[in-house]
Amino acid sequence: MKIAFFDVKDYEIPYFEHYGKEGQVDFCYYKTTLREETARLAEGFDGVCVFVNDRLDRAVLSRLYEGGVSVAALRCAGYNTVDLAAAKGRVRILHVPGYSPHAVAEHTMGMLLTSIRRIHKAYNRTRDFNFSLSGLVGFDLKGKTVGIVGMGRIGSAFAAICKGFGMRVLAYDQQPKTMEGVTYCTLEELFAESDVLSFHCPLNDRTHHMLNADNLSLLKKGVMILNTSRGGLIDSAALLEGIKERRIGGACLDVYEEEEGLFFEDNSGHILEDDVLARLISMPNVLVTSHQAFLTKEALDAIAKTTVSNIISIYEKDSCENELVFEG
Ligand code: NAI
């Protein structure tokens with residue numbers, strides 16, 4: 001099987017080479033992302049392997065289909081970039097639903113602790129032999145309320161970590177699942193009661209801008225906002241206003257709604273055109289990482305293993321437990 005692999009990064013090649021050789025899946029690596037203009041690179045391949053910023057919209061899917069591609073294997077969990085309706089009956093869509101929820105949940109807690117205990121600032125100071133503690137006062141997590149939006153694999157893993165810190169855990173989910181020590185409530189109650197608010201649900205039409213200019217006033221003053229899910233869950237301009245008004249006490253963002261074309265790349269020599277992102281990054285209480293919450297050895301290994309096994313399953317059995325099918 002020949003698979004065109006888009007948006008490749010050096011750190012993932014060894015894992016895909018290992019499992020690809022085992023399963024006789026031959027990857028051809030392209031650094032470019034998948035777009036309508038680059039889709040012709042996949043002509044003659046059996047399938048494509050794509051990541052979070054590759055596009056699988058109607059136009060791209062048509063080009064792939066016309067070029068003989070029958071499978072698109074996402075090497076990620078989220079599939080908000082895929083037009084499932086347009087793919088139906090033409091290109092089969094596979095994804096990796098849960099490779100390491102712990103990788104993302106632990107990164108979320110890492111960002112929270114870094115931010116509220118000012119560890120990133122202390123690191124820079126001590127490297128310069130500045131041992132002053134001025135401006136580094138944080139707060140305890142024990143006894144605080146964390147509100148979790150989306151109690152799936154990652155949300156539940158994050159809830160378990162927060163419980164370990166002695167936090168009160170509130171949650172909102174469209175399909176609540178019982179978990180000891182977690183109390184479900186409405187989104188409005190979650191917004192009003194949380195000292196820390198963490199987003200872990202998928203991005204779709206219903207969750208786009210879940211936090212926005214209209215409901216920002218419901219937030220508890222000084223709340224910490226965490227988003228390691230998808231940028232589009234939060235209206236970034238509204239978030240910035242909330243920070244400027246001092247309603248929001250801080251934000252830890254591993255994802256950003258306009259991250260495409262910026263995140264995963266070294267843009268240090270370029271002028272940043274995105275004024276909202278530039279202003280957010282300039283804030284002393286905003287911490288941004290570039291979509292790296294998944295980036296552990298364990299997660300990379302599991303992603304490659306499942307992606308290869310998804311592809312093999314489709315070719316050998318004509319079915320795959322991780323296939324995404326448009327319901328509508
Ligand atoms: P999951 O499918 O296990 O859980 C999602 C949860 O969200 C489910 O419990 C579902 O009922 C809930 N949900 C769906 N729609 C909702 C709505 N409208 N309101 C409230 N809750 C809703 O997914 P998992 O594995 O926990 O991943 C969550 C998200 O994390 C993914 O969709 C992906 O976007 C993101 N992600 C980010 C990564 C990163 O590196 N930053 C890596 C992996 C995933």
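Check the entry above for the structure.
The present account deals with the structure reproduced in this document. If you're wondering where the values come from, they're calculated on a predicted model, not measured in any experiment. (Residues numbered from 1 in each chain as written. Predicted model: local features only at pLDDT ≥ 70, side-chain atom pairs only at ≥ 80, totals over all residues. Heavy atoms only, no water.)

Looking now at the overall build of the chain. The helix and strand tally for the chain stands at 10 helices and 13 strands. Its C-alpha atoms give the chain a radius of gyration of 21 Å, within 12% of the compact-globule value 20 Å for 328 residues. Split into buried and exposed, the 328 residues of the chain put 49% on the buried side. Look at the contacts in the chain between residues 6 or more apart in sequence, and 66% of them connect residues 24 or more apart. Counting 35 positive and 45 negative side-chain charges, the chain places the averaged centre of each group 5 Å from the other. (Helix = DSSP H or I, 4+ residues; strand = E, 2+ residues; numbered from the N terminus. Rg over C-alpha atoms; globule rule 2.2 N^0.38 Å. Buried < 20%, exposed > 50% of the residue type's maximum accessible area, 1.4 Å probe, protein only. Contact = heavy atoms within 4.5 Å. Lys, Arg positive; Asp, Glu negative; His and termini not counted. Charge placed at Lys NZ, Arg CZ, Asp CG, Glu CD.)

The next subject is the site of the ligand. Around the ligand, the structure places 25 residues, and the nearest of them are R153, I154, D173, K177 and T228. With respect to the ligand, the backbone of T228 contributes an N or O atom lying 2.9 Å from a nitrogen atom. F294 places a polar main-chain atom, nitrogen or oxygen, 3.2 Å from an oxygen atom of the ligand. Out of a free accessible area of 870 Å², the ligand has 89% covered by protein chains. When each cavity is represented as a set of grid points, the ligand is found to reside in the largest pocket. Looking at the shell around the ligand, its residues break down into 11 nonpolar, 9 polar and 5 charged. (Near = heavy atom within 4 Å. Polar contact = N/O pair within 3.5 Å; in protein donor to acceptor, adjacent residues only side chain to side chain. Areas by Shrake-Rupley, 256 points an atom, 1.4 Å probe, with all protein chains shown as cover. 1 Å grid on protein atoms, 1.4 Å probe; cavity = no way out; pocket = protein on both sides within 12 Å on 5 of 7 lines; lining within 4 Å. Sits in = over half its atoms within 2 Å of the grid points. Nonpolar A, V, L, I, M, F, W, Y, C, P; charged D, E, K, R; others polar.)

Attention shifts here to empty space enclosed by the protein. All told, the structure shown has 2 cavities of 30 Å³ or more when counted by the stated rule. Within this model, the largest cavity holds a volume of roughly 50 Å³. If you trace the largest cavity, you find it lined by N227, G231, I234, S236, L239, L253, V255, Y256 and E257. Residue composition of the lining of the largest cavity, grouped by class: 5 nonpolar, 3 polar and 1 charged. Size it by volume and the second largest cavity reaches roughly 30 Å³. In terms of lining, the second largest cavity is formed by E12, F51, R75, F294, L300 and I303. Within the lining of the second largest cavity, the residues separate by chemical class into 4 nonpolar, no polar and 2 charged. (Points joined across faces, edges and corners; volume = space filled by probe spheres on them.)

Counting 79 residues, the largest nonpolar core has V48, L56, L64, I93, F199 and I225 as its most contacted members. The element that contributes the greatest number of residues to this core is helix α10 (residues 297-317), accounting for 8 residues. Setting aside anything within four residues of it in sequence, one finds V48 in contact with I3, A4, F6, L34, A42, L64, V69, V71, A72 and A73. The next biggest cluster of nonpolar side chains, apart from the first, holds 22 residues, and it includes I148, A157, L226 and C252. (Core = buried A, V, L, I, M, F, W, Y, C linked by side-chain atoms within 4.5 Å.)

In the structure shown here, the tally under the stated rule is 8 aromatic pairs. Ring centres 5.5 Å apart and planes at 85° place the aromatic pair F5 and F27 in the edge-to-face group. One end of the pair, F5, is in strand β1 (residues 2-5); the other, F27, is in strand β2 (residues 26-29), and 22 residues separate them in sequence. No difference in accessibility class separates F5 from F27, as the two residues are buried. Over the aromatic face of F45 sits the side chain of K2, whose NZ or CZ is 5.1 Å from the ring centroid. (Phe/Tyr/Trp six-rings, centres within 6.5 Å; stacked < 30°, edge-to-face > 60°. Lys NZ or Arg CZ within 6 Å of the ring centre and 35° of its normal.)

We now examine the sheet that holds strand β13 (residues 323-324). Taken in spatial order, the 6 strands line up as β2-β1-β3-β4-β5-β13 in an open sheet, and their pairing is mixed. Where the open sheet ends on each side, the last strands, each with one partner, are β2 and β13. Note: β1 against β2, 4 bridges, orientation parallel. Opposite K2, over in β2, you have D26 as the bridge partner. α10 rests against β1, β2, β3 (47-50), β4 (71-74), β5 (92-94) and β13 of the sheet, and its axis sits at about 155° to β4. (Pairing = 2+ DSSP bridges. Axes fitted to C-alpha atoms, helices over the stretch in contact; angles between N-to-C directions.)

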